[in-house]
Amino acid sequence: MRVLLADEPGFHEGLVQADSTAKPQLPRSPPIWAGSRQEICENLEYFRSYQGGVYFKNDIVRGYLLGAFAASRDLFCHDGKLIISHGGGKSENFVGSKEGRQLRSAQDQTTSDTSVRALLRNYKEGRPLVLLADDQYTLFPYDLSASGYTYVVLGIYWISHAWAECQPTLTNSTCVIRWKFAFQWCEDQGSPWWLTPEGVVASLPEPLVGKTDPDFHCTQCLWESPVVYKQSGMCLIPGCAGFWKINGKEPESLEYSVEFLRLQPRTFEILPTLTPAAGTHQITSSLSCPGWHCTDCGRLSSRFKWECWECAHCQANQPIKWEIRHAKDFWHLRPTNYFTDLRIARKSGITKSLPDVIDMGGGRGFMTRQTFVLPSDRGKIHLITTGPLSNREVDEIFQGYQKQASCGELKLQRYPLRSVRLFHPAIRGTLLANYFSQNSGEPYKYVGETANSVPLDEAPNCVQAALDVIKKRVDLAVKQKSQFNEVLTAAYLAHQKMSFHSDDEKGLGPIVASLSLGSPAVMHFRHHTSGAGQNQPNEIVMSLILRHGNVLVMEGCGVQIHYEHTVIPTDFRIAATARWINPS
Ligand SMILES: O=C(O)CCC(=O)C(=O)O
Ligand SMILES: [Fe+2]
């Protein structure tokens, strides 16, 4: 039997990464697993934390992730039915910055730290939570990484003990206070899924059930502490003069008392549900971002295709129902409560013209152009709006888009974001964009390369119709002759958005124009964080509302060099953005 202890030889405190060659393969695939943190967060309502290992809501922990950086005396015993971990953050950690990854040293945890406080509340109120592990959790006795199980859901546990310890840090010789939590398997859910009939690598004699040892009574602070170690009981209340002392001295080596490691009987009537709810009642455009739990292989997947759920591991899939949604369903939505149409920051130097009314000719009605002039000749932004009469054309385009996307003719997908790892090292696996897109014409960097683009003359009708409307309106609104050879379609579900960026593709022409369809959105502009605007405060300088049928034109390369923009829709929305990208 091996009780895997974090401070055994070779398990040097903290920095040990899993020695996967020494571990056997899992006897069966985990019932719930994922390849990325995003897949976990988009599927499991008990773990929505992209950073950190403790997910809590209203001061109650829902999910706890066991990962790298084990501490002394972290433990996985009784076949994983008792797990001891040093929860609550502030441990050694790699943080990312533009300068690269740096090791941040551990700090004292206190009971007012939000995650320690929440864990203590679960402990006091006897609330179960879900434990997850990643493939860097050294104490798990099987090799997770070999089969691509980056994250696995272990099961439901309750906290049987909580106490504080002194722990030496990795980066210097001082000690920090760490809270330790003993998580015990909730028997009501059956046996752990990783157990073979013969038992796992570990094979302690069956644990004795029932705790008999009395607590340690501190004569200085008068509080009780559990007797955790074989050597002696001691006060485990930080702040007490007797904390972490045996006979007045700091203990040198400690081992768990066998009594302390006994499993305690406890039953729970209500346990959290582990598998995500199947979104089969949803339609393509109404989901915020739910994923898909494959019952064939256990993998959680993000929804990366518009028209169906697909398992990112075994490609099992299921079509998603669709129905046409109309722009009028979204008219009542307000993208922000702070203003109705636009807001320009006082010190931005941006000026706005009086709106011009322009005849679109051929009895097609009138359009209104409002121009915003950016300071220092950086360019102009035009917002073109039309009345409800001219909206028949864009209503049809909106419907066409929905039909062609839902039958798979317009291949809308969520593509991986680039260079995320450097700045967010905690995010493991691929991170997909928070919107669906399709590119027609010249390849565009945000959707990968040529393989993900269709030539403009083969683009689905809806894309060509959108481009046609954009061209006609831009020609009337902007003096210089516009030319476009690329259209990026972005489709957003409720709660999705396009984060701050600039359209700074190499060889980009001076005019970028987009047609908005569906729910209204707010578009913010701010100075670029790098380049020419580096020394400017990074505040929002202008915000506009983009409504169904509006065309927004960014005129001049300076707009992209000096500013970046974000678009945040209120609900389902599609935008077609046309650009010129120099083919060479
Ligand atoms: O959704 C939009 O209106 C704009 C999208 C955008 O900024 C882009 O495609 O670069
Ligand atoms: Fe953009």
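The numbers attached to residues start from 1 for each chain and follow its sequence in the written order. Think of it this way: whatever chain is written first is A, whatever ligand is written first is 1, and the rest follow in order. It should be noted that, the model being predicted, local features are given only for residues of pLDDT at least 70 and side-chain atom pairs only at 80 or more, the latter also being counted only at that level, while totals for whole chains, interfaces and linings use all residues. Working from all heavy atoms in the structure, the side-chain values ignore hydrogens and water.

## What about the overall build of the protein?
Helix and strand assignments follow DSSP, with helices taken as H or I runs no shorter than four residues and strands as E runs no shorter than two, numbered in order from the N terminus. Summing up its helical and strand segments, the protein has five helices and 32 strands in all. Exposed residues in this analysis have more than 50% of their type's maximum accessible area, buried residues have under 20%, and partly exposed residues fall in between, with area computed by a 1.4 Å probe over protein chains only. Within the protein, the proportion of its 584 residues that are buried is 54%. Whether two residues touch is decided by their heavy atoms; if any such pair falls within 4.5 Å, the residues are in contact. The contacts in the protein between residues at least 6 apart in sequence include a share of 70% that link residues at least 24 apart. Of the accessible surface of the protein, which amounts to about 26,600 Å², a share of 51% is contributed by carbon and sulfur atoms. Exposure was quantified through the Shrake-Rupley algorithm and a 1.4 Å probe, taking into account, for residues, occlusion by the shown protein chains and nothing else.

## Quick look at the UniProt feature "binding site: 2-oxoglutarate" (unreviewed entry) in the protein
The positions UniProt marks with the feature "binding site: 2-oxoglutarate" (unreviewed entry) are Tyr492, His501 and His565. Tracing the chain through its elements places His501 in strand 26 (residues 498-501). Residues adjacent in sequence count toward polar contacts only when both atoms are side-chain atoms; beyond that, a polar contact is any pair of N or O atoms within 3.5 Å, and within protein one must be able to donate a hydrogen and the other to accept it. For His501, the side chain forms a polar contact with the main-chain oxygen of Ser499, separated by 2.9 Å. Tracing the backbone through its elements, the reader meets His565 in strand 31 (residues 563-569). You can call His565 buried: its relative accessible area is 4%. When near neighbours in sequence (up to four residues on either side) are disregarded, His565 contacts Ser499, Phe500, His501, Ser502, Asp503, Met523, His524, Phe525, Met554 and Gln560. UniProt positions are given in the numbering used here, feature names are shortened, and annotations may be inferred rather than shown by experiment.

## Let's talk about the nonpolar core
By size, the foremost hydrophobic cluster in this structure holds 54 residues, and its most contacted members are Phe140, Leu154, Phe183 and Trp194. Only strand 4 (60-66), strand 5 (75-77), strand 6 (82-85), helix 2 (114-125), strand 9 (129-134), strand 10 (151-168) and strand 11 (175-185) provide two or more residues apiece to this core. Ranked by residues supplied to this core, first place goes to strand 10 with eight residues. Nonpolar cores are built from buried Ala, Val, Leu, Ile, Met, Phe, Trp, Tyr and Cys residues. Side-chain atoms within 4.5 Å join them into one set. The next biggest cluster of nonpolar side chains, apart from the first, holds 38 residues, and it includes Phe398, Val474, Ala491 and Ala576.

## Some details on the sheet that holds strand 26
What the five strands build is an open sheet, ordered 18-29-28-31-26; its pairing is antiparallel. Every interior strand has two partners, whereas the edge strands, strand 18 (342-344) and strand 26, have only one. Going across the sheet, the axis of each strand differs from the next one's by a mean of 15°, ignoring polarity. Only strands that DSSP links by at least two bridges are regarded as paired with each other. Relative to strand 31, strand 26 is paired through two bridges, and the arrangement is antiparallel. Counterpart to His501 in the pairing with strand 31 is His565. All axes here are fitted lines through C-alpha atoms, helices being fitted over the stretch that makes contact, and every angle between N-to-C directions spans 0 to 180 degrees.

## Some words on helix 3 (residues 391-406)
Between its first and last C-alpha, helix 3 extends 23 Å over 16 residues, near the 22 Å set by a 1.5 Å rise per residue. Within the span of helix 3, buried status applies to Asn391, Val394, Ile397, Phe398, Tyr401, Gln402, Gln404, Ala405 and Ser406. Among the structural elements, strand 22 (379-386), helix 4 (461-477), strand 25 (486-492), strand 27 (511-518) and strand 32 (573-579) are those in contact with the buried residues of helix 3. Directly beyond the C-terminal end of helix 3, a positive phi value near 85° is found at Gly408. Helix span, as expected, comes to 1.5 Å for every residue beyond the first.

## Overview of the packing of helix 3 against helix 4
Contact pair helix 3 / helix 4: the axes reach a minimum separation of 8 Å and the direction vectors enclose 150°. With respect to helix 4, the axis of helix 3 lies roughly antiparallel. Where helix 3 crosses over helix 4, the handedness of that crossing is left-handed. The segment helix 3 lies against helix 4, with Glu393, Val394, Ile397, Gly400, Tyr401 and Gln404 engaging Asn461, Cys462, Val463, Ala465, Ala466, Val469, Lys472 and Arg473. As a working rule, the residues Ala, Val, Leu, Ile, Met, Phe, Trp, Tyr, Cys and Pro are called nonpolar, Asp, Glu, Lys and Arg charged, and the rest polar, with Gly in that last group. Split by residue class, the contact of helix 3 with helix 4 holds eight nonpolar, three polar and three charged. The labels follow the angle: roughly parallel below 35 degrees, roughly antiparallel above 145, roughly perpendicular from 65 to 115, and oblique for the rest. Should the near helix be turned anticlockwise from the far one by less than a right angle, the crossing is left-handed, and should it be turned clockwise, the crossing is right-handed.

## Some points on the packing of aromatic side chains
Note on ring pairs: Phe, Tyr and Trp rings are taken, using the six-membered ring of Trp, and paired if centres are within 6.5 Å. Classes follow the plane angle, with under 30 degrees stacked, over 60 edge-to-face and the rest tilted. Under the definition given, this model contains 25 aromatic pairs. Each ring, one from Trp193 and one from Trp194, has its centre 5.2 Å from the other, and the planes form 90°; the classification is edge-to-face. Of the two residues examined, Trp193 and Trp194, each falls in the buried class. Aromatic side chains Trp306 and Phe436 sit 5.1 Å apart centroid to centroid with 90° between the ring planes, which places their arrangement in the edge-to-face category. With a gap of 130 residues between them, Trp306 in the loop between strand 15 (299-301) and strand 16 (308-310) and Phe436 in strand 23 (residues 436-441) connect regions that are remote in the sequence. Feature note: the residues Phe76, Tyr137, Phe140, Tyr142, Tyr157, Trp185, Trp193 and Trp194 constitute an aromatic cluster, connected by ring pairs.

## A closer look at the pattern of salt bridges
We define a salt bridge as a contact between a side-chain nitrogen of Lys or Arg and a carboxyl oxygen of Asp or Glu at a distance within 4 Å. Going through the model one piece at a time under the given rule, you end up with 22 salt bridges. The salt bridge partner of Glu39 is Arg299, with a shortest N-O separation of 2.8 Å. Taken together, the residues Glu39 in helix 1 (residues 37-43) and Arg299 in strand 15 connect sequence positions 260 residues apart. Arg299 shares its class with Glu39; the two are buried. Residue Asp59 is joined to Arg117 by a salt bridge in which the shortest nitrogen-to-oxygen separation is 3.4 Å. Separated by 58 residues along the polypeptide, Asp59 in the loop between strand 3 (54-57) and strand 4 and Arg117 in helix 2 bring together distant segments of the chain.

## Focus: the site of ligand 1
Around ligand 1, a shell composed of Leu488, Tyr492, Met498, His501, Asp503, Leu546, His565, Val567, Arg573, Ala575, Thr577 and Arg579 is seen. His501 places a polar side-chain atom, nitrogen or oxygen, 3.1 Å from an oxygen atom of ligand 1. For ligand 1, whose accessible area on its own is 300 Å², the fraction buried by protein is 98%. Elements represented by at least two residues in the shell around ligand 1 include exactly strand 25, strand 26, strand 31 and strand 32. If you tally residues by element for the shell around ligand 1, the top one is strand 32, at four residues. Looking at side-chain class alone, the shell around ligand 1 contains six nonpolar, three polar and three charged residues. Near is defined per residue: the residue qualifies when any heavy atom it owns lies within 4 Å of the molecule or strand.

## Some words on the domain arrangement of the protein
Each domain's extent is set by a domain assignment, obtained either automatically or from a database. Domain annotation of the protein identifies domain 1 (33-188 + 212-261) and domain 2 (327-411 + 428-565). A separation of 48 Å is found between the C-alpha centroids of domain 1 and domain 2. In this complex, domain 1 contributes ten residues to the contact, which on the side of domain 2 involves five residues. The interface formed by domain 1 and domain 2 includes zero salt bridges. Tallied by class, the residues present in the side of domain 1 that touches domain 2 amount to two nonpolar, five polar and three charged.

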